[in-house]
Amino acid sequence: MDPLSLLRGVLDTAEDAARALIGRERLRLAVTGLSRAGKTVFLTSLVANLIAAGRGARTLPALSDAAGGRIRRVFVVPADTETVPRFDPEAHLAALAADPPRWPERTEDFSTLSIAVDVERRTSLGGILPERRVTLDLIDYPGEWLLDLPLLGTGFAEWSAATLARLRRGRRAEAAAAFLDFLDALPPDAPAEDALAKRGYGLYRDALRACRDTHGLRLLQPGRFLNPGPRGEAPLLWFFPLPETARGGLAALCARRYAAYLDDQRTTFLDPFFSRFHRQVVLVDVLGALHAGQEAFEDTADALAAIAGVISGANLIERLLGAAPTRVAFAATKADHVPTRARDALAALLEHLALGARGRAEASGAATAFHALAAIRCTEDAVATLEGRAFPAVRGILLNEGKGATIYPGEVPMKPPEPAFWDAAFFQMPEFRPPRLDPAGGSGVPHLGMDGLLAWLLGDAL
Ligand code: GDP
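This section reports on the structure supplied with the text. All figures in this text were calculated on a predicted structure; none of them were measured in a lab.

## Brief notes about the overall build of the protein
For step 1, the next point in the chain: Scanning the protein from N- to C-terminus turns up 17 helices and 10 strands.
For step 2, the next point in the chain: Burial statistics for the protein: of 462 residues in total, 53% are counted as buried.
For step 3, the next point in the chain: Of all intrachain contacts in the protein linking residues separated by at least 6 positions in sequence, the fraction that spans at least 24 positions is 76%.
For step 4, the next point in the chain: Accessible surface, the protein as shown: approximately 19,800 Å² in total, 54% of it carbon and sulfur.

Structural data, given as structure tokens:
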């Protein structure tokens, strides 16, 4: 570890110890997930349920128990950093309290929110001490940016070769047709013209978007092409992968920008934020990937392995940044899309997908856990009858139609499925309407398993 990182680690530890002494502690909890994994909904549920727990509602029983029933008050406090956009729980809660309720608007970018949790303290003889205040700094960032981490150790030529090889196969080739045509028409000695660089960037970005939105693919790099973040689409992003044969000024310009982009990601995101997280949640829409078919599922597995490898397999992070979160929870979201009995399979499947990474994580000292959860529960268990046979199913209100429906979501395999599994017909899971939030907000929101996850992640700190 380099001396600067070591010093920063020592200072962080000393700061934490000093805060603990005066009963003021800070815990940085990062939440990430690939697009549509359910980050916004997760954070909204977390805030609503924590605040309700602070008012005495038993909305997060496992967390309350882990804290010995001593959570007294929970409230939103001004964020520590002024430069980062603030996660807007009021707007999200208002959407859920509307009639009919709506899902919160998604957050594309980086945002933060700080929540104070006042916890009662007692002496060993039962005397009451002043309350402890644990400030939870929630940091929400796009999982796509994490996919830039493995790039830090990869040069432009190597990245280009791997990316173009992938882009010429399967559904990617379909999504990238216009970009690949552009590349094929590009002379190897194309000059360093910004208009050309910008055009190539635009076509490559559109290809990545189509891979994500139309085909459910996830291993898409660089991350800011899909989530530009608060600084928008700067000229820094005007580059794209090029074949080995490209030797002219444009190739040199793209290689320079690639290096500058990675440098920028490192100084503006990784160094100041990423290296300072204490705890991390990675949300994964495993069911969505399963329903999107074999190529999308396998691509999600590759993306998850890449993310899990860097986030919890602290080798690379420690080498790059000098620190890493100590607890990392992976959670399969939208578990209310399947009946109760399928939820253990969902968590087991997620664990399989990230298993290689788990070995690394434990070797590095970060504890990992795998959960299946619904941040906002929209369904109840039901039975569907198909061709005269009964199947475990879920029942909820469809978002668009506004009426109830019983849905059989198919089987959830406990491990990556055999090829024959993909022969079955797949369908799009419908979007359910969220339950309406009590506008007074006192009772939290219904969920599945949020409390178990939070108890594991935060219980020791409360
Ligand atoms: P983000 O892009 O990761 O921030 O994703 P969102 O949090 O906006 O979630 C995307 C969509 O997934 C929502 O609009 C909901 O339709 C759905 N969703 C998210 N969480 C849940 C959940 O717990 N249960 C159900 N049924 N749907 C969910």
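## A word on the packing of helix H2 (residues 39-54) against helix H4 (residues 89-97)
For step 1, the next point in the chain: Across the interface, H2 lies against H4 with an axial gap of 10 Å and an inter-helix angle of 95°. Classified by the angle between their axes, H2 and H4 sit roughly perpendicular to one another. The residues of H4 that touch H2, namely those facing Thr40, Thr44, Val47 and Ala48, are Pro89, His92, Leu93 and Leu96.
For step 2, the next point in the chain: Its residues assigned to classes, the contact of H2 with H4 comprises 5 nonpolar, 3 polar and no charged.

## Some words on empty space enclosed by the protein
For step 1, the next point in the chain: A full pass over the atoms with the stated rule returns 3 cavities of 30 Å³ or more.
For step 2, the next point in the chain: Put simply, the largest cavity is a space of about 60 Å³.
For step 3, the next point in the chain: The wall of the largest cavity is formed by Thr163, Arg166, Leu167, Arg172, Tyr204, Leu208, Leu219, Leu220 and Gln221.
For step 4, the next point in the chain: Elements with a contribution of two residues or more to the lining of the largest cavity: helix H6 (156-167) and helix H9 (194-213).

## A word on the sheet that holds strand E10 (residues 404-407)
For step 1, the next point in the chain: An order of E8-E9-E10 is seen for the 3 strands of this open sheet, with the pairing classed as antiparallel. Pairing within the sheet leaves two strands with one partner each, and these edge strands are strand E8 (380-386) and E10. The average angle at which neighbouring strand axes cross in this sheet is 40°, direction not considered.

## Regarding unusual backbone geometry
For step 1, the next point in the chain: Looking along the chain, the bond that leaves Asp99 and enters Pro100 is cis, with omega of 0°.
For step 2, the next point in the chain: Geometrically, the link from Gln221 to Pro222 is a cis peptide bond, its omega value of 0° lying close to zero.
For step 3, the next point in the chain: Inspection of the secondary structure assignment puts Pro222 in the loop between H9 and helix H10 (223-226).
For step 4, the next point in the chain: A positive phi angle is found at Glu387, which is not glycine, with a value near 45°.
For step 5, the next point in the chain: By the secondary structure assignment, Glu387 is in the loop between E8 and strand E9 (389-397).
For step 6, the next point in the chain: By relative accessible area, Glu387 is classed as exposed at 85%.

## Description of the side chain of Lys39
For step 1, the next point in the chain: The topology assignment puts Lys39 in helix H2.
For step 2, the next point in the chain: In terms of polar contacts, Lys39 uses its side chain to reach the side chain of Asp140, at 3.1 Å.
For step 3, the next point in the chain: Not counting chain neighbours up to four residues away, the residues in contact with Lys39 comprise Val31, Thr32, Gly33, Thr107, Asp140, Tyr141, Pro142 and Leu283.

## Regarding the pattern of salt bridges
For step 1, the next point in the chain: Within the structure shown, the criterion is met by 23 salt bridges.
For step 2, the next point in the chain: Salt-bridge contacts for Glu120 lead to Arg72; the nearest nitrogen and oxygen are separated by 2.7 Å. With a gap of 48 residues between them, Glu120 in strand E3 (residues 111-122) and Arg72 in strand E2 (residues 71-77) connect regions that are remote in the sequence.
For step 3, the next point in the chain: For the salt bridge of Asp206 with Arg205, the shortest nitrogen-to-oxygen distance reads 3.1 Å.
For step 4, the next point in the chain: For Asp206, a relative accessible area of 37% puts it in the partly exposed group.

## Notes on the environment of Leu208
For step 1, the next point in the chain: If you trace the backbone, Leu208 turns up in helix H9.
For step 2, the next point in the chain: Among the residues examined, Leu208 registers a relative accessible area of 2% and is labelled buried.
For step 3, the next point in the chain: Put simply, Leu208 and Asp140 are 68 residues apart on the chain and 22 Å apart in space, counted from C-alpha to C-alpha.
For step 4, the next point in the chain: Those residues in contact with Leu208, other than ones at most four positions away along the chain, are Leu220, Gln221, Pro222, Phe225 and Leu226.

## Some details on the pairing of strand E5 (residues 279-284)
For step 1, the next point in the chain: Burial analysis of E5 places 6 of its 6 residues in the buried class, the great majority of the element.
For step 2, the next point in the chain: Of the two faces of E5, both are covered, the one formed by Arg279, Val281 and Leu283 as well as the one formed by Gln280, Val282 and Val284.
For step 3, the next point in the chain: Sheet topology places E5 next to strand E6 (residues 327-332); 6 bridges connect them, and they run parallel. Across the sheet, the residue bridging to Val281 is Ala329, located in E6.

## A look at the packing of aromatic side chains
For step 1, the next point in the chain: Per the counting criterion, the structure on display carries 21 aromatic pairs.
For step 2, the next point in the chain: Between Phe239 and Tyr258 the ring centres are 6.0 Å apart and the planes differ by 85°, which places this aromatic pair in the edge-to-face class. Here Phe239 is found in the loop between H10 and helix H11 (249-270), whereas its partner Tyr258 is found in helix H11, with 19 residues between them in sequence. In terms of burial, Phe239 and Tyr258 fall into one category: buried.
For step 3, the next point in the chain: With a centroid separation of 5.5 Å and 50° between ring planes, the pair formed by Phe297 and Trp422 is classed as tilted. Taken as a pair, Phe297 in helix H13 (residues 294-311) and Trp422 in the loop between E10 and helix H17 (450-458) lie far apart in primary sequence, 125 residues in all. Each member of the pair, Phe297 as well as Trp422, is classed as buried.
For step 4, the next point in the chain: Through a chain of ring-to-ring contacts, three or more aromatic side chains come together here, namely Phe156, Trp159, Phe179, Phe182, Tyr201, Tyr204, Phe225, Phe239, Phe240, Tyr258 and Tyr261.

Cut-offs used in this document
- Residues numbered from 1 in each chain as written.
- Predicted model: local features only at pLDDT ≥ 70, side-chain atom pairs only at ≥ 80, totals over all residues.
- Heavy atoms only, no water.
- Helix = DSSP H or I, 4+ residues; strand = E, 2+ residues; numbered from the N terminus.
- Buried < 20%, exposed > 50% of the residue type's maximum accessible area, 1.4 Å probe, protein only.
- Contact = heavy atoms within 4.5 Å.
- Areas by Shrake-Rupley, 256 points an atom, 1.4 Å probe, with all protein chains shown as cover.
- Axes fitted to C-alpha atoms, helices over the stretch in contact; angles between N-to-C directions.
- Parallel < 35°, antiparallel > 145°, perpendicular 65-115°, else oblique.
- Nonpolar A, V, L, I, M, F, W, Y, C, P; charged D, E, K, R; others polar.
- 1 Å grid on protein atoms, 1.4 Å probe; cavity = no way out; pocket = protein on both sides within 12 Å on 5 of 7 lines; lining within 4 Å.
- Points joined across faces, edges and corners; volume = space filled by probe spheres on them.
- Pairing = 2+ DSSP bridges.
- Polar contact = N/O pair within 3.5 Å; in protein donor to acceptor, adjacent residues only side chain to side chain.
- Salt bridge = Lys/Arg side-chain N within 4 Å of Asp/Glu carboxyl O.
- Phe/Tyr/Trp six-rings, centres within 6.5 Å; stacked < 30°, edge-to-face > 60°.

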